[in-house]
Amino acid sequence: MWRLRRAAVACKVCQSLVKHSSGIKGSLPLQKVHLVSRSIYHSHHPTSKLQRTQFRTSFHQFSSLTNHPLRKLKLSPIKYGYQPHRNFWPARLAARLLKLRYLVLGSAVGGGYTAKKTFDQWKDMIPDLSDYKWIVPDIIWEIDDYIDIGHKLVSEIIGASDLLLLLGSSGETTFRATDHGTESDKHYRKGLLGELILLQQQIQEHEEEARRAAGQYSTSYAQQKRKVSDKEKVDQLQEELLHTQLKYQRILERLEKENKELRKLLLQKDDKGIHHRKLKKSLIDMYSEVLDVLSDYDASYNTQDHLPRVVVVGDQSAGKTSVLEMIAQARIFPRGSGEMMTRSPVKVTLSEGPHHVALFKDSSREFDLTKEEDLAALRHEIELRMRKNVKEGCTVSPETISLNVKGPGLQRMVLVDLPGVINTVTSGMAPDTKETIFSMSKAYMQNPNAIILCIQDGSVDAERSIVTDLVSQMDPHGRRTIFVLTKVDLAEKNVASPSRIQQIIEGKLFPMKALGYFAVVTGKGNSSESIEAIREYEEEFFQNSKLLKASMLKAHQVTTRNLSLAVSDCFWKMVRESVEQQADSFKATRFNLETEWKNNYPRLRELDRNELFEKAKNEILDEVISLSQVTPKHWEEILQQSLWERVSTHVIENIYLPAAQTMNSGTFNTTVDIKLKQWTDKQLPNKAVEVAWETLQEEFSRFMTEPKGKEHDDIFDKLKEAVKEESIKRHKWNDFAEDSLRVIQHNALEDRSISDKQQWDAAIYFMEEALQARLKDTENAIENMVGPDWKKRWLYWKNRTQEQCVHNETKSELEKMLKCNEEHPAYLASDEITTVRKNLESRGVDVDPSLIKDTWHQVYRRHFLKTALNHCNLCRRGFYYYQRHFVDSELECNDVVLFWRIQRMLAITANTLRQQLTNTEVRRLEKNVKEVLEDFAEDGEKKVKLLTGKRVQLAEDLKKVREIQEKLDAFIEALHQEK
């Protein structure tokens, strides 16, 4: 029944064609009409059951990137048996008058076939889920049985009485699938598509005849009338063809939307982790990772990055970013009115996913591109990263920002958006901005496998373009360049001669050559427009465009959708042709690096910079832990000795010497107590903490720099030194330590009781050591003041200077004064200074009073220290008198008691500091070291600076090359599986 209904419809079409036909006489029997047409239009006719021979046609592959005319095809003659039926002379007359019935047949069959192939292509793009049949419901795998898209499309096409579809280089190749199909598909194409190509040639011949008829000049009224009629027919036919193509494209877009929703549903189910299974990484994501690794690789072994990517170049404000956003289907880039916004290259990896999201390579945050607040945050983040990449004093930066964009229906490819080419450097820009952009663009375009997407602003004069000359230099033959004319709506409105746009799209205006030429519209110039609004505006413009109606532009050369399909097709073709060659070059580089390592470092493992840092980190942490293994005795000895060295001068000069000048023991003890109290309150706790901190640093440095024998690796020395300095800088002693220490020290100094003879002897020994060390320092000072004595002058041939001679004469005069009064006070009176100066002047020595005082200070100090040492020897037997409080004894040993109090205070302070070190400060230092190591681990520049050398660089190169090769091999394997 459905065939009878179709036949009735077809007969009506034939009748309508007869009514509108004129100017041709003659008749053709129905039996000579092609059997396919008869089987569709008059399937009830008896001759429809005849067996027809198969067409033998040569099918030529067309591409949307070629502009060559169709090649004429020779069909083998077909003969059919003739059986007269004179009852259908109107149909034979209509077939004789017009051959347009072939168009109806071609539209029905060709449209259904093309839609079927497009659906097969979409179905092939769905990830291979053959291993997941046990997960996905059976209804998904039997989708062809439930959704008969091909039948649905044929029904819609046949139901449209005005659908006249012209297939050829402009139609079939735009939507053709990337694979070659099965053998049955090829056979099907040879039969039907060969006939469709013949139909197209016949239509073109009719159009040419109509044009020639319209061009002929005749004075007769009948010829003029026929001329007007033919021209109207041609215009009507062109308008119907354009309308048909746009209608057919809308049908395909609707089918694509349905397919997108189905794919999104499948990806969402798998993305939710049903049955805890995960799909493999997509092919484009694997390829993008290879490019990311290559961007960080320093080609020091002449292995250059020749992997394909789409390089987007154009003049500033030509619409590069807008074209990228239309391809990515989201407004993801910062926008500005006339100012430079793209300040560093942005690598955009487009891939298919269940949700329309974007994320950076070095971040886990996903930006939802369906939400305006996330889009604004993404644009702000890109702008911040660009400004961060640009160094001070520069306008643009060569550092690449890597961005991944996923979404349903996105064409898989990798694009690099470069800063726009400028002609003049304006105020606020660095002087070398123009040259930097040129060199950056050339660096990307000189890759022989890079696809150059040349963007030209159609709203300005073509002669003002700079980028076309630059692209011509890098790709003079146009083998990898795709030209895109933007803002065609403004160009059509402003350009006086529309043929100029046609010259640009046909590649006749510029000397630059290209694979293909496209015209697009990227909106009305409003930054708040959505992608959907821009796409609708673009389709509406081209639907009503005079350029398309006048055949100045072809249907496959317009809209960003067709551009995206063509660029993706070219990109994957280039990838398949070049990726294996790149893998072979990296294999050779890897072999060279491994050979060099074996020859130079045969006994060492290939540790890269990160692995070396981890090894050094473990060593440093082990050395910090070693601090806790130091014995308490060792800590206390070091602390006590260091503290005494720090305070001994103050004790001798400011406490002991002033107190020793007193005349009795009561005054001595009172002076000592006052000065000890002042010292404890103001200086001693702080000095003790400083000594403890310095001791901790010294021990830490000793463990860090101590050689480890054969296991020591000097490659870590710079890193250890930097960690030590940074850790010490960050470490701060406990603020409450001084307060508690002050109380302990004050209590220790208040105790005057010496319990036994052993403590007494220890105090005397401590006092003798301190006085002898001070006496030795004084003797050295005097020797430097007066010069060598007579023995050294004779034996070592040394002489005194004039100043030393003056000091020597002054010293002799002061020693005479001390011999006369051994109990002389510590300071000279003014009359004594005058007497000494006059005595020296009488011997011809002119001296200054300040020189006399300086000399007296050292002479009296030596005299006092010798006297104190003699007194110390006398006090060795004074413990008995001390127990009786020196009653009925001329011997007074209060100075021994003073040194015992100092010694005990040092021991108690050292013990307190040791406890604080081992219980608190060592652990805090270990924590600081860990923090420093963590900070250094995150700072790549720091590691490069601290871990250097040929060995490190060689290991780094070897690691990078291995990683690149492994990723390339995995990508190639996945690419072959997809084929």
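It should be noted that the structure appears before, not after, this text.
For every chain, the first residue of its written sequence is number 1, and the numbers climb from 1 along that sequence. Local features are withheld for residues below a pLDDT of 70 in this predicted model, meaning they are given only at 70 or higher, and side-chain atom pairs are given and counted only at 80 or more; totals for whole chains, interfaces and linings count all residues. Excluded from the side-chain calculation are hydrogens and water; included are all heavy atoms of the structure.

Side note on the overall build of the protein chain
Then comes step 1: What the protein chain contains, in helices and strands, is 34 helices and nine strands.
Then comes step 2: Should any heavy atoms of two residues lie within 4.5 Å, those residues are counted as being in contact. For the protein chain, long-range pairs separated by at least 24 residues make up 80% of all intrachain contacts whose partners lie at least 6 apart in sequence.
Then comes step 3: All accessibility values rest on the Shrake-Rupley procedure with a 1.4 Å probe; residue burial counts only the protein chains present in the view. Summing over all exposed atoms, the protein chain offers an accessible surface of approximately 52200 Å²; the carbon and sulfur share of this is 50%. Numbered from the N terminus, helices here are DSSP runs of H or I no shorter than four residues, and strands are runs of E no shorter than two.

As for a positive patch on the surface
Then comes step 1: A cluster of basic residues, Lys718, Lys729, Lys942 and Lys945, forms a positive patch on the protein surface.
Then comes step 2: When you line up the elements, Lys718 lands in helix 24 (residues 717–730).
Then comes step 3: Think of it in three bands: residues with accessible area under 20% of the maximum for their type are buried, residues over 50% are exposed, and the middle band is partly exposed, with areas taken using a 1.4 Å probe on protein chains only. A relative accessible area of 46% places Lys718 in the partly exposed class. The patches described consist of residues with a relative accessible area above 30% and no salt bridge, like charges being joined within 9 Å and nonpolar side chains (Val, Leu, Ile, Met, Phe, Trp, Tyr) within 5 Å. One side-chain nitrogen of Lys or Arg within 4 Å of one carboxyl oxygen of Asp or Glu is enough to make a salt bridge. Charge counting treats Lys and Arg as positive and Asp and Glu as negative, with His and both chain ends excluded. One atom stands in for each charge, and that atom is NZ of Lys, CZ of Arg, CG of Asp or CD of Glu.

Considering the pattern of salt bridges
Then comes step 1: Counted according to the given criterion, the structure contains 41 salt bridges.
Then comes step 2: When the shortest N-O distance is used, the salt bridge between Asp681 and Lys677 registers 2.5 Å. Of this pair, Asp681 and Lys677 both sit in helix 22 (residues 665–682), four residues apart, roughly one helical turn.
Then comes step 3: On the basis of relative accessible area, Asp681 is assigned to the partly exposed category, the value being 34%.

A short note on the state of the cysteines
Then comes step 1: In this description, a disulfide is simply a cysteine sulfur pair whose atoms lie within 2.5 Å. For the coordinates displayed, the defined rule picks out one disulfide.
Then comes step 2: A disulfide bridge connects Cys875 with Cys893, and the sulfur atoms are separated by 2.1 Å. On the sign convention where negative is left-handed, the bridge of Cys875 and Cys893, at about -100° about the S-S bond, is left-handed. Separated by 18 residues along the polypeptide, Cys875 in the loop between helix 30 (849–874) and helix 31 (879–883) and Cys893 in the loop between helix 31 and helix 32 (894–938) bring together distant segments of the chain.

Some details on the nonpolar core
Then comes step 1: Trp644, Tyr656, Trp679, Trp760, Ile902 and Val929 are the most contacted members of the largest nonpolar core, which has 100 residues in total.
Then comes step 2: With sequence-adjacent residues up to four places away left out, Tyr656 is seen in contact with Val651, Phe668, Met767, Leu771, Phe864, Ala868, Asp895, Leu898 and Phe899.
Then comes step 3: Note on terminology: a nonpolar core comprises buried Ala, Val, Leu, Ile, Met, Phe, Trp, Tyr and Cys residues joined through side-chain atoms within 4.5 Å. Counting residues in hydrophobic clusters, the runner-up holds 67 residues, among them Val290, Phe518, Phe586 and Leu954.

A few points about the packing of aromatic side chains
Then comes step 1: For Phe, Tyr and Trp, where Trp contributes only its six-membered ring, two rings pair if their centres lie within 6.5 Å, and the inter-plane angle classes them as stacked under 30 degrees, edge-to-face over 60, or tilted in between. For the coordinates displayed, the defined rule picks out 15 aromatic pairs.
Then comes step 2: Aromatic side chains Tyr287 and Phe971 sit 5.1 Å apart centroid to centroid with 45° between the ring planes, which places their arrangement in the tilted category. With Tyr287 in helix 10 (residues 283–295) and Phe971 in helix 34 (residues 950–978), the pair connects residues that are 684 residues apart, well separated along the chain.
Then comes step 3: Between the aromatic rings of Trp597 and Tyr601, the centroid separation amounts to 4.9 Å while the plane-to-plane angle is 50°, which identifies the pairing as tilted.
Then comes step 4: Its relative accessible area of 2% is what places Trp597 among the buried residues.
Then comes step 5: Look at Tyr601 and you get buried, because its relative accessible area is 18%.
Then comes step 6: A cation over a ring is seen here: Arg385 above Phe360, with NZ or CZ 4.0 Å from the ring centre. Whether a charge lies above a ring is judged from NZ of Lys or CZ of Arg, which has to be within 6 Å of the ring centre and within 35 degrees of the ring normal.

What about the pairing of strand 6 (residues 413–417)?
Then comes step 1: Counting buried positions along strand 6 yields five of five residues, so the element is predominantly enclosed.
Then comes step 2: On strand 6, burial covers both faces: Met413, Leu415 and Asp417 on one face and Val414 and Val416 on the other are all buried.
Then comes step 3: The pairing criterion for strands is at least two bridges between them, as found by DSSP. Strand direction decides the pairing type here: strand 1 (residues 310–314) and strand 6, joined by three bridges, are parallel. Paired with Val312 across the two strands is Asp417, which belongs to strand 6.
Then comes step 4: As paired elements, strand 2 (residues 346–351) and strand 6 share five bridges and run antiparallel to each other. Bridging from a neighbouring strand, Lys347 pairs with Val416 of strand 6.

Points about the side chain of Ser288
Then comes step 1: Assignment of secondary structure puts Ser288 in helix 10.
Then comes step 2: Accessibility expressed as a relative area gives 3% for Ser288, which makes it buried.
Then comes step 3: Not counting residues within four places of it along the chain, the set of residues in contact with Ser288 comprises Lys347, Thr349 and Asn404.

Concerning helix 20 (residues 609–626)
Then comes step 1: Given the number of residues in a helix, its expected span is that number minus one, multiplied by 1.5 Å. Between its first and last C-alpha, helix 20 extends 26 Å over 18 residues, near the 26 Å set by a 1.5 Å rise per residue.
Then comes step 2: For helix 20, every residue scored as buried is listed here: Arg609, Leu612, Phe613, Ala616, Ile620, Leu621, Glu623 and Val624.
Then comes step 3: The inward-facing, buried residues of helix 20 abut helix 23 (684–705), helix 24, helix 32, helix 33 (940–946) and helix 34.
Then comes step 4: Each polar contact in these results corresponds to two N or O atoms within 3.5 Å; when the atoms are within protein, one needs to be able to donate a hydrogen and the other to accept it, and residues that are neighboring in sequence are counted only if both atoms are side-chain atoms. Its side-chain oxygen at 3.3 Å from the backbone nitrogen of Asn610, Asp608 defines the N-terminal cap of helix 20.

Spatial relationships are all this shows, so hold off on functional conclusions.
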